[in-house]
Amino acid sequence: MRLYSCATFIFFPTQLETAFCSSPFQEEHVGVSKQDIREWIWDYMESQNLADFPQPVHHRIPNFKGASRAAEHFPRLQAFKMARTIKVNPDAPQKNARFFVLDSKKTLLVPTPRLRTGLFNKITPPPGATKDILRKCATSQGVRNYSTPVGLDSKVLVDLVVVGSVAVSEKGWRIGKGEGYADLEYAMMVSMGAVSQGTPVVTIVHDCQVVDIPEALLEDHDLSVDYILTPTRVITTGCERPKPAGIAWSKISCEMLGKMPILRSLRHREEQAGKDVTLQDGPRSPPGATRSPQDLAPPELGSVPPSSVQIGNLPRDARVSELKRALSALGVAPSWLTWQGPQHRAFLHYRDPAEAQQAIACLQGFRLGANTVRVVLARQQRASDLVGSHTTEPLPDHRPAIAGP
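What counts, and where the lines are drawn
Residues numbered from 1 in each chain as written. Predicted model: local features only at pLDDT ≥ 70, side-chain atom pairs only at ≥ 80, totals over all residues. Heavy atoms only, no water. Helix = DSSP H or I, 4+ residues; strand = E, 2+ residues; numbered from the N terminus. Buried < 20%, exposed > 50% of the residue type's maximum accessible area, 1.4 Å probe, protein only. Contact = heavy atoms within 4.5 Å. Areas by Shrake-Rupley, 256 points an atom, 1.4 Å probe, with all protein chains shown as cover. Axes fitted to C-alpha atoms, helices over the stretch in contact; angles between N-to-C directions. Parallel < 35°, antiparallel > 145°, perpendicular 65-115°, else oblique. Nonpolar A, V, L, I, M, F, W, Y, C, P; charged D, E, K, R; others polar. Phe/Tyr/Trp six-rings, centres within 6.5 Å; stacked < 30°, edge-to-face > 60°. Lys NZ or Arg CZ within 6 Å of the ring centre and 35° of its normal. Lys, Arg positive; Asp, Glu negative; His and termini not counted. Salt bridge = Lys/Arg side-chain N within 4 Å of Asp/Glu carboxyl O. Pairing = 2+ DSSP bridges. Core = buried A, V, L, I, M, F, W, Y, C linked by side-chain atoms within 4.5 Å. Polar contact = N/O pair within 3.5 Å; in protein donor to acceptor, adjacent residues only side chain to side chain. Left-handed = near helix turned anticlockwise from the far one by under 90°.

Caption draft 1: Focus on the overall build of the protein chain. Check the secondary structure of the protein chain and you find eleven helices and 19 strands. Per-residue burial for the protein chain yields a buried fraction of 51% across its 405 residues. Sequence separation of at least 24 residues holds for 67% of the intrachain contacts in the protein chain that already meet a minimum separation of 6. Accessible surface, the protein chain: about 19,000 Å² in total, of which carbon and sulfur atoms supply 51%.

Put into structure tokens, the structure is as follows:
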């Protein structure tokens, strides 16, 4: 048996003597991290032959033997019976939970993988679907084949949320796989008005995933759970810890923002509403901030200031208005934009080199149309390089402006 050392304490995993294992993570042990707990759970499930396909379970929401039995508790919950629209995460151990939602003729919403193409997909089985077809609809392949996107303006109301967990405590404290998607999904639903503090949250895990979690590890953006379903029991946590009240923008990186169009749209909405949407990896002027007239003077034609960013590989049919909207949604709108459509490029002009560097970070991997754009700090340009360029002047209220129809 492997020896684990977690900071200030040492423990030995023991064989399961009952249907569930006791926790080695006692609250008096300071120094244990969320990752320590994840690694212990993953290693223990593999070593005790509790893990199920896909394997290894490391760095996943672990599937486990008995997941279908744990899910059988789900339709018996009063919260399930009362719900009309249920969001269930797409991981393997929640497959049967998704089936029960469809079989009960309730609306099933499943988050899109890594939130790349939106937040939800609605699963719509074909007319007259048998239980076998419903089970296929509940798989990852079925989610792909029988789903339609749910837009940001759909006004959807979610009555019950099911999330995956790596570890969870009887108090309702939860640890995911470390990427933060479940927490972010919930926070985005709050921002959309799809859930409230009273919306129940359920997780389905193996008994050995129910452990004591030190309260010191919890952060404001961490999602808690109200019900824990295992193969042997149903735990009503009675958790009174507030759930996330919305998106914690200070926890969001430019890279994440660049990969999630719906997150950019939500950020733009909240910025327009006057909320602080400062990102994790770069300062930004608060909404409504103004600049002095001298700061708003456009660059001289024939040169590109050192705090400018060049965007290349723009699509042939790209319009400056498309780029304008995308930059605004990302939160990296420049003071000025020089548009060179025939050369498939544009220059974004910033007054602060730090702003230019933040824009470069946010735009890594950014796609406009079918093209992934190239983004670099612009070199000094000759006047002849800028022939045919279009550079705009500031708006009357001295807000940052960019070119375009």
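Caption draft 2: Region of interest: the packing of helix 9 (residues 261–272) against helix 10 (residues 320–330). Packing of helix 9 against helix 10 leaves a shortest axis separation of 7 Å and a crossing angle of 75°. Comparing the axis directions of helix 9 and helix 10 gives the class roughly perpendicular. Together, R264, R267 and H268 of helix 9 and S328, A329 and L330 of helix 10 make up the contact between the two elements. Class assignment of the residues belonging to the contact of helix 9 with helix 10 gives a composition of two nonpolar, two polar and two charged.

Caption draft 3: Representation of the packing of aromatic side chains. For the structure shown, the criterion picks out three aromatic pairs. Aromatic pair W40 and Y44: ring centres 4.8 Å apart, planes at 20°, arrangement stacked. With W40 and Y44 both in helix 1 (residues 34–47) and four residues apart, the pair spans about one turn of that helix. Of note, K106 hangs over the ring of F80, and the distance from its end group to the ring centre comes to 5.2 Å. The cationic tip of R135 hangs over the ring face of F99; the distance from NZ or CZ to the ring centre is 3.9 Å.

Caption draft 4: Representation of the side chain of R38 within the structure. Tracing the chain through its elements places R38 in helix 1. No salt bridge is formed by the buried R38; its nearest oppositely charged neighbour, D222, is found at 7.2 Å.

Caption draft 5: Expanded view of the pattern of salt bridges. Taken as a whole and judged by the stated rule, the model has eight salt bridges. In this structure, K34 and D222 form a salt bridge, with 2.8 Å as the shortest nitrogen-oxygen distance. Residue K34 is found in helix 1, and its partner D222 is found in the loop between strand 10 (201–204) and strand 11 (227–229); the two are separated by 188 residues along the sequence. The pair formed by K34 and D222 is uniform in burial state, with each residue classed as buried. Notably, a salt bridge pairs R233 with E170, separated by 3.2 Å at the nearest N-O pair. With R233 in the loop between strand 11 and strand 12 (234–236) and E170 in the loop between strand 8 (167–168) and strand 9 (174–175), this residue pair connects regions lying 63 residues apart in the sequence. Overall, E170 belongs to the partly exposed group, its relative accessible area being 44%. Taken together, the shared-partner salt bridges connect E170, D207 and R233 into one network.

Caption draft 6: Here's a closer look at the pairing of strand 15 (residues 345–349). Most of strand 15 is tucked away, with five of its five residues classed as buried. Along strand 15, one buried face is formed by R345, F347 and H349 and the opposite face, lined by A346 and L348, is buried too. Inspection of the sheet shows strand 13 (residues 308–312) paired to strand 15 by four bridges, in the antiparallel sense. Each bridged residue has a counterpart across the sheet, and for Q310 the counterpart in strand 15 is F347. Relative to strand 15, strand 14 (residues 336–340) runs antiparallel, the two sharing five bridges. The partner of Q340 across the bridge, within strand 15, is R345.

Caption draft 7: Highlighting the nonpolar core. F120, M189, I247 and L263 are the most contacted members of the largest nonpolar core, which has 63 residues in total. In terms of residue count, helix 7 (residues 181–192) provides more of this core than any other element does, nine residues in total. Setting aside chain neighbours within four positions, we find F120 in contact with K87, L109, V110, P111, T112, T148, P149, V150, V156, V158, M189 and M192. In this structure, F74, A138, C208 and L218 belong to the second largest nonpolar core, which totals 49 residues.

Caption draft 8: Structural context of the environment of Q197. Locating Q197 in the fold gives a position in the loop between helix 7 and strand 10. With relative accessibility at 43%, the residue Q197 sits in the partly exposed group. For the pair formed by Q197 and K243, sequence separation is 46 residues and the distance between their alpha carbons is 6.3 Å. Not counting chain neighbours up to four residues away, the residues in contact with Q197 comprise Y186, P242, K243 and P244. Side-chain polar atoms of Q197 contact the backbone oxygen of K243, separated by 2.8 Å.

Caption draft 9: Region of the structure containing the sheet that holds strand 4 (residues 107–111). Across the sheet, which stays open at both edges, the eight strands sit in the order 6-5-4-3-7-10-11-12 with mixed pairing between neighbours. Every other strand in the sheet has two partners, leaving strand 6 (147–150) and strand 12 as the edge strands with one partner each. Taken over all neighbouring pairs, the strand axes of this sheet differ in orientation by 25° on average, direction set aside. Across three bridges, strand 3 (residues 85–88) lies against strand 4 in parallel orientation. Following the sheet pairing, I86 is matched in strand 4 by L108. The strands that helix 4 (residues 95–103) touches are strand 3, strand 4, strand 5 (120–123) and strand 10; relative to strand 4, the one it contacts most, it runs at about 150°.

Caption draft 10: How the structure looks around the packing of helix 7 against helix 9. Following both chains from N to C, one finds helix 7 and helix 9 inclined at 40°, their axes separated by 11 Å at the closest point. When the interaxial angle is binned, helix 7 and helix 9 end up oblique. Regarding helix 7 and helix 9, the two cross each other, and that crossing is left-handed. For the pair helix 7 and helix 9, contact is made by L184, M188, S191 and M192 and by I262, L263, L266 and E270, respectively. Considered class by class, the residues forming the contact of helix 7 with helix 9 number six nonpolar, one polar and one charged.

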